[in-house]
Amino acid sequence: MAAGHGSLAGYLGARVGADAAAILAFDGVAKRYGTLQALTGVSFQVNRGEVVCLIGPSGSGKSTLLRCANALEGIDAGRISFDGVGVDDKATDVRKLRRRMGMVFQNFELFPHLTVLGNVAVGPVTVLGMQRSAAAARAMDLLRKVGLADKAQQHPAALSGGQQQRVAIARALAMQPDVMLFDEPTSALDPETIGEVLSVMKRLADEGMTMLVVTHEMDFAKRVGNWVVVFDRGQVIEQGPPQQIFERPTVTRTREFLSHLGWHGESLASEAPLVERQAPAASDSFAAQLIPTGSGGHPGADVP
């Protein structure tokens, strides 16, 4: 695995989960859309229990790679393996593979006709064949986890963007995945609600969830990520632990990208919050970490 011009020998052994086989590995992955080369020779791995953050300019192939990892897009060369199985192998059951990968999209992708509880329970019922009562109980546990138990009977249209994205995270977790894939989960949110989602993601990381995150939230990448992969023009130009990437990047393009975001090699030691937070709402059971949001909505069916 190349990492720009710098050696990874001093870091690979210290990675989270380095003593076991990678759960997700990319080896020379290439992807084209007609004459556009979206990905070229992309190679890196995600270990169990690791939070790997993909950063880089918009349009550099990060989201494309995530979609390829979940077999939403095919690849033209190279190999993606999940738990030792080739994602693009003809013998691979893609439906079973996707059950083990939770995907959180930029724009929530919730079902507008279902309640919040119904959105979270629908996967276990329709895909896993769970009884509705068991699925509803699991869904409620997850809504408590993301601080939205009091919104269970509302519909997505009644929620803020940050609340909808937390529902989307709970929905992905309802399938009990081995890996969570996040495709710029805060890009469609206003600044006041970004903190809600980052707080939930940090809690998942603290609990040991394996996560592959496409993000423009540099504070999250440098303080929650275990490994950072830098993309530019469809290629990995550098990768390493946050301390290397943000304090001592070895590639000029990485330094240029970070400097455009106002990052100039400052230490990661800051204890400041990931984002500015206001006082929490008293009604939110997860309030200690979240920004207050509006309420409202109407009741609906518990489970689809």
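Above this text is the structure in question.
Residues numbered from 1 in each chain as written. Predicted model: local features only at pLDDT ≥ 70, side-chain atom pairs only at ≥ 80, totals over all residues. Heavy atoms only, no water.

This part takes up the overall build of the protein. Across its full length, the protein carries ten helices and ten strands. In the protein, buried positions account for 52% of the 304 residues. If you take every contact in the protein between residues at least 6 apart in sequence, the share linking residues at least 24 apart comes to 69%. (Helix = DSSP H or I, 4+ residues; strand = E, 2+ residues; numbered from the N terminus. Buried < 20%, exposed > 50% of the residue type's maximum accessible area, 1.4 Å probe, protein only. Contact = heavy atoms within 4.5 Å.)

One finds I55, L143, I169 and M211 to be the most contacted residues of the largest nonpolar core, which totals 53 residues. With seven residues, the top contributor of residues to this core is helix α7 (residues 191-206). Setting aside residues no more than four positions away along its own chain, M211 makes contact with V46, E50, V51, V52, M180, F182, M201, L204, A205 and F220. Listed in part, the 30 residues of the second largest apolar core include V46, V52, L54 and I75. (Core = buried A, V, L, I, M, F, W, Y, C linked by side-chain atoms within 4.5 Å.)

This part takes up the pairing of strand β4 (residues 77-82). Bridge count between strand β1 (residues 24-33) and β4: five bridges; the pairing is antiparallel. Paired with A25 across the bridge in β4 is S81. The pairing of β4 with strand β5 (residues 85-86) spans two bridges and is classified as antiparallel. Along β5, the bridge assignment pairs F82 with V85. As consecutive antiparallel partners, β4 and β5 are separated by two residues, and within that stretch D83 has a phi angle of approximately 55°, a positive value. (Pairing = 2+ DSSP bridges.)

As a further point, take the sheet that holds strand β9 (residues 227-232). The pairing of strands in a sheet comes from backbone hydrogen bonds and takes either a parallel or an antiparallel form. With mixed pairing, six strands are arranged side by side in an open sheet as β6-β7-β8-β3-β9-β10. In this open sheet, the two strands that pair with only one neighbour each are β6 (101-104) and β10 (235-240). Recorded for the sheet is a direction-independent mean angle of 15° between the axes of neighbouring strands. Across four bridges, β6 lies against strand β7 (residues 179-183) in parallel orientation. From the neighbouring strand, G102 faces β7, where its bridge partner is M180. Strands in contact with helix α6 (residues 161-173) are β6 and β7; relative to β6, the strand with the most contacts, it is inclined by about 170°. (Axes fitted to C-alpha atoms, helices over the stretch in contact; angles between N-to-C directions.)

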